[in-house]
Amino acid sequence: MEKNTQTQQPGPHPALTGRIALVAGATRGAGRALAVELGRAGATVYVTGRTTRESASEVGRTTETIEETAELVTAAGGTGIAVPTDHLDEDRVRALVARIDREQGRLDILVNDLWGGEHLLSNSVFGKKSWETPLADGLRILELGVRSHVITAALALPLLVRSDAPLHVEVTDGTAVSNRRYRENLYYDLAKNAPIRIAFGLGEELAEYGGTAVAVTPGFLRSEQMLTHFGVTEENWRDAVAQEPGFAVAESPHYLGRAVAALAADPDRAARWNGRSTSSAELARIYDVRDVDGSRPDAWAYFEDVVHGGKAASPDDYR
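Residues numbered from 1 in each chain as written. Predicted model: local features only at pLDDT ≥ 70, side-chain atom pairs only at ≥ 80, totals over all residues. Heavy atoms only, no water.

Under an unreviewed UniProt entry, the name given to the protein chain is Short-chain dehydrogenase, and the organism recorded is Streptomyces xanthophaeus.

## Remarks on the packing of aromatic side chains
For the structure shown, the criterion picks out eight aromatic pairs. Between F230 and F247 the ring centres are 4.9 Å apart and the planes differ by 50°, which places this aromatic pair in the tilted class. Within this pair, whereas F230 is found in helix α7 (residues 224–230), its partner F247 is found in the loop between α7 and α8 (253–264), the two being separated by 17 residues in sequence. No difference in accessibility class separates F230 from F247, as the two residues are buried. Following the ring pairs from residue to residue traces out a cluster consisting of F220, F230, W237, F247, Y302, F303 and Y318. Between the NZ or CZ atom of R222 and the centre of the ring of W237, over which it lies, the distance is 4.2 Å. (Phe/Tyr/Trp six-rings, centres within 6.5 Å; stacked < 30°, edge-to-face > 60°. Helix = DSSP H or I, 4+ residues; strand = E, 2+ residues; numbered from the N terminus. Buried < 20%, exposed > 50% of the residue type's maximum accessible area, 1.4 Å probe, protein only. Lys NZ or Arg CZ within 6 Å of the ring centre and 35° of its normal.)

## Looking at the environment of G77
As for its position among the elements, G77 is in the loop between α2 (66–75) and β3 (79–84). Using a relative accessible area of 52% as the deciding quantity, one classes G77 as exposed. Among residues more than four places away in sequence, those in contact with G77 are G39 and G42. (Contact = heavy atoms within 4.5 Å.)

## Some details on the side chain of D266
Mapped onto the secondary structure, D266 falls in the loop between α8 and α9 (269–273). With residues near it in sequence (within four places) discarded, D266 still touches R272, W273 and Y287.

## Section: the pattern of salt bridges
For the structure on display, the rule yields 26 salt bridges. Its salt-bridge partner being E64, residue R28 comes within 2.7 Å of it at the nearest N-O pair. With R28 in the loop between β1 (20–24) and α1 (29–40) and E64 in the loop between β2 (44–49) and α2, the pair connects residues that are 36 residues apart, well separated along the chain. Salt bridges here are not isolated pairs; linked through shared partners, they connect R19, R106, D108 and D164. (Salt bridge = Lys/Arg side-chain N within 4 Å of Asp/Glu carboxyl O.)

This is the structure we're talking about:
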């Protein structure tokens, strides 16, 4: 689905040639696009995940693999290296970090895009009180969305701080501002707010190393899973607007990828972003980034103004 857009021209950000990145959770969606756009800017990118050409994760999708992501990174101009990794397995994460250290001697950019819990949401979580949610499903959401992030950060940060300008990126759903509203269910709320606090806390710890920790969120993401959910493709995604009007402000995963690549190339990023949470739309405005169709969607503003605020406006006003 995304292959038609991944070879388009890069955003206006400077090159990241010579930088070493790890995108944890790069099988599909935002993680894949983040890896590709970092590679397009010249970085060497280690991409990890649980779905390979030999085995699939509990997500149940076999159409996207980390090997394919690595190939897309290389095709975009970087160097993609696929390392199958379950980030809840401490030994596997230690081995991953040791391999990066052995092969590169440092790590400059760590992107925590670990999740893979969508299959637990519609039936077990959304629309249910916390005590109505199967406990096993709720705890699994916290493992996938919080524990995996903490494990990866704890084991990779000793290597990251060797960089002359370490960057730690936490990917989540929502900013500190947008997530002031309850996120549908206790377990999901915890899972999507925790990365914001992780970035805030790590910002304090990385400051003495000249580092930056930031939480980022896409808007209404046209991931492979979302396109499948609506029965459309990247080519005809607007057909889904009849089912979900808010999808009119949807963005491709590359919008966030280009925005984060621009942030990574910003020499003043620590002063601008350390400890903060931000969105693809905010980064796009600041770094003059556009989505693959040339638009600059702002889904969070649309939902704040129109859906929650009652403003009379068209989704086209937010693209």
